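Residue-level structural notes
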Amino acid sequence: MTPSNDEYARQEAELDDLYRDIILDHYRHPRHRGSLRSPTSRHEGLNPLCGDEVTVELVVKDGRIDEVAYNGSGCSISQSSASMMTEAIEGKSVDEVNELSNAFTSMMRGSDDVDPEILGDLEALAGVRKFPVRVKCATLAWHTLNEALEQIEPTP
Amino acid sequence: MTLDVQRIREDFPILKRQVYGKPLVYLDNAATSQKPRQVIDALVSYYENYNSNIHRAVHCLGEEATAAYEEARAKVAAFINAPSPEFIVFTRNTTEAINLVAYTWGHANITARDEILLTQMEHHSNLIPWQRLAAEKGATIRYIGLTDQQTLDLADLANLFQSNTKMIAMPHASNSMGTINPIEEIAREARRRGVMFLVDGAQGAPHLKVDVQAINCDFYAFSSHKMLGPTGVGVLYGRRELLEEMEPFLGGGEMIRKVTFEGASWNDLPWKFEAGTPNIADVIAFGAAIDYLSELGMDNVRAHEIEITEYALDRLGQMDDIILYGPSSSTARGGVVSFNYGDLHPHDVGTILDRHGVAIRAGHHCTQPLMRTLGVSGTARASFYVYNTRDEVDVLVEALEAARDFFGK
């Protein structure tokens, strides 16, 4: 039952899918990493299995993400995903962010019906699905964001 | 005499398989060991030839199964030099064995005035049961700290105990760093002060010659699956007086002598602690694992692990950016090498190594407080056993270099 050369090529490709260039770029050059002076909401997320930690801070003004920052420690997937998330949500309305969050979570759960237009760069994280134990690393930042958003009073 | 590792490898069917097109290099033995053909055969033979419930059957199969089950108990007793098989209780795993002591002896004896002494290197299995007990009783827990060599700080051994210390529990060897603890010395001090002493032997019995009478501990707990046996079997050794005075842990069939609608009296040791149909097949196969290890000789097992650990410490120590944890001397540690590589996260290291066929553990190893003490979120851990070779350590090093190149590109 020796795998064929095609099989080896596929396995190599899977590893490259997990660690796509854009993911490694965010890992090496994180965006919005740090903390905000006066965030309107803040949440600390923890993945107890891996020990990954991500803290998300937001300034929400007039229903939009005016400022965002993250901090934390963990594997490249958890930290890159957080960095990519901050880029994706900055300046967007809370409604748009909720829609994006749902799209991202559906993609990570295995759905192929998600519009790649909505996801943009985040689509690069789809390769993580082939490594089921690492999916929680990729979704940690988004779960943390959802918790942070829930603290915000809905604007009338 | 050293082990004939090539011959040993022939006994382990799984070592022939490939992972992602590469030969499996299994270095996660502290999590669970692989199983030799002899153990697998014992399981199959039980189910094919004499599968039956034990202790109550009046037929041939039941008698055979009962004899094989109790023979396994006798093998375990001899393996750790327990005075009698009566003092060997089968549980599901080490965790359940420790919980058994916390729930029975602990509940009856620990009060709000008492202190339980643990160490900073506890596995959660020897931490949570005591934390729950202490919280319920209002008792205090104190932790023995570590030296910069990640050994227990026992500089003041004579004053280790306070007047209210009632119980001390610690690992025979640390699953995260490999550190072997001086349990004989601790036991001497504990005995002198009348303090109860439990040893978490999950990383001890598989790798070190254990003599519970020479150690002179009160309880010693360990698991079958880390020592070539099947999952689902743990062992609690306890001193006779203690096991006799302790109340049963679980109630049900098997553990009773006489039952009326008003109440019940308990079976003899050790069955008082084995309620319900036990894990018959796996206990019998565990007996085959004990035979296998006994034939190799635990002194030889230990010598092999020292040799391979020394080689691994040497090879890894020569790499730039490797941080090694645990004592630097291979004789002060078991076959566990815990490390971090540059600023790579252990999980990223583990994923790349996996693609090279190398199975290691990455993370906090169920020792979260210890990881905080070390100031890391986790480590990568290679752990060795009887079938591991120097060549496999070389593959580990090559795979680590590949990981560095991958993330550095």
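Residues numbered from 1 in each chain as written. Chains lettered and ligands numbered in written order. Predicted model: local features only at pLDDT ≥ 70, side-chain atom pairs only at ≥ 80, totals over all residues.

Overview of the overall build of chain A
Selection criterion: Put simply, DSSP marks the helices as runs of H or I at least four residues long and the strands as runs of E at least two long, and each gets a number from the N terminus on. All radius of gyration figures rest on C-alpha atoms, and the globule criterion is 2.2 Å times the number of residues raised to 0.38. Counts of 20 or more other C-beta atoms within 10 Å of a residue's own C-beta define buried residues, counts of 12 or fewer define exposed ones, and intermediate counts define partly exposed ones; C-beta atoms are placed from the backbone. Here the contact rule is simple: place C-beta atoms from the backbone, and any two residues whose C-beta atoms are within 7 Å are in contact.
For chain A, the count of helices and strands is 6 helices and 3 strands. Going residue by residue from the N terminus, the α and β elements of chain A occur as α-α-β-β-β-α-α-α-α. Relative to the 2.2 N^0.38 estimate, which gives 15 Å for 156 residues, the radius of gyration of chain A is 16 Å and therefore close to what a compact globule would have. Across the 156 residues in chain A, those meeting the buried criterion constitute 36%. Relative to all contacts within chain A whose residues are 6 or more apart in sequence, the contacts with residues 24 or more apart total 64%.

Quick look at the domain arrangement of chain B
All names here are of chain B. Basically, it comes down to this: Per the annotation, domain bounds derive from an automatic or database assignment of domains. Nonpolar residues are Ala, Val, Leu, Ile, Met, Phe, Trp, Tyr, Cys and Pro. Charged residues are Asp, Glu, Lys and Arg, and all others, Gly as well, are polar.
Partitioning chain B into domains gives domain 1 (40-295) and domain 2 (297-408). When each unit is reduced to the centre of its C-alpha atoms, the spacing between domain 1 and domain 2 is 28 Å. Tallying the contact residues gives 21 residues for domain 1 and 23 residues for domain 2. Partitioned by chemical class, the residues of the side of domain 1 that touches domain 2 number 7 nonpolar, 12 polar and 2 charged.

Things to note about the interface of chain A and chain B
In this complex, chain A contributes 12 residues to the contact, which on the side of chain B involves 11 residues. When residues of the side of chain A that touches chain B are assigned to their parent elements, the largest contribution, 4 residues, is made by helix 1 (residues 5-18) of chain A. For the side of chain A that touches chain B, the class distribution of residues is 7 nonpolar, 5 polar and no charged.

Observations regarding helix 5 (residues 128-137) of chain B
Residue and element names in this part refer to chain B. In plain terms, the rule: As used here, the arc belongs to the directions running from the helix axis to the C-beta atoms.
Buried within helix 5 are the following residues: P129, W130, L133 and A134. Viewed along the axis of helix 5, the buried residues span an arc of 130°, placing them on a single side of the element. Exposed and facing more than 90 degrees away from the buried side of helix 5 are A135 and E136. Check the buried side of helix 5 and you find it contacts helix 4 (94-109), strand 5 (115-119), strand 6 (140-144) and strand 7 (165-171). Just beyond helix 5, the residue with positive phi is G138, at close to 75°.

Some remarks on helix 4 of chain B
Keep this limit in mind: The length a helix should cover is 1.5 Å for every residue beyond the first.
Counted at 1.5 Å a residue, the expected span for helix 4 of chain B with its 16 residues is 22 Å, and the 21 Å between its end C-alpha atoms agrees. Of the surrounding elements, those touching the buried residues of helix 4 of chain B are strand 4 (88-91), helix 5, strand 8 (196-200), strand 9 (219-223), strand 10 (234-238) and helix 8 (240-245) of chain B.

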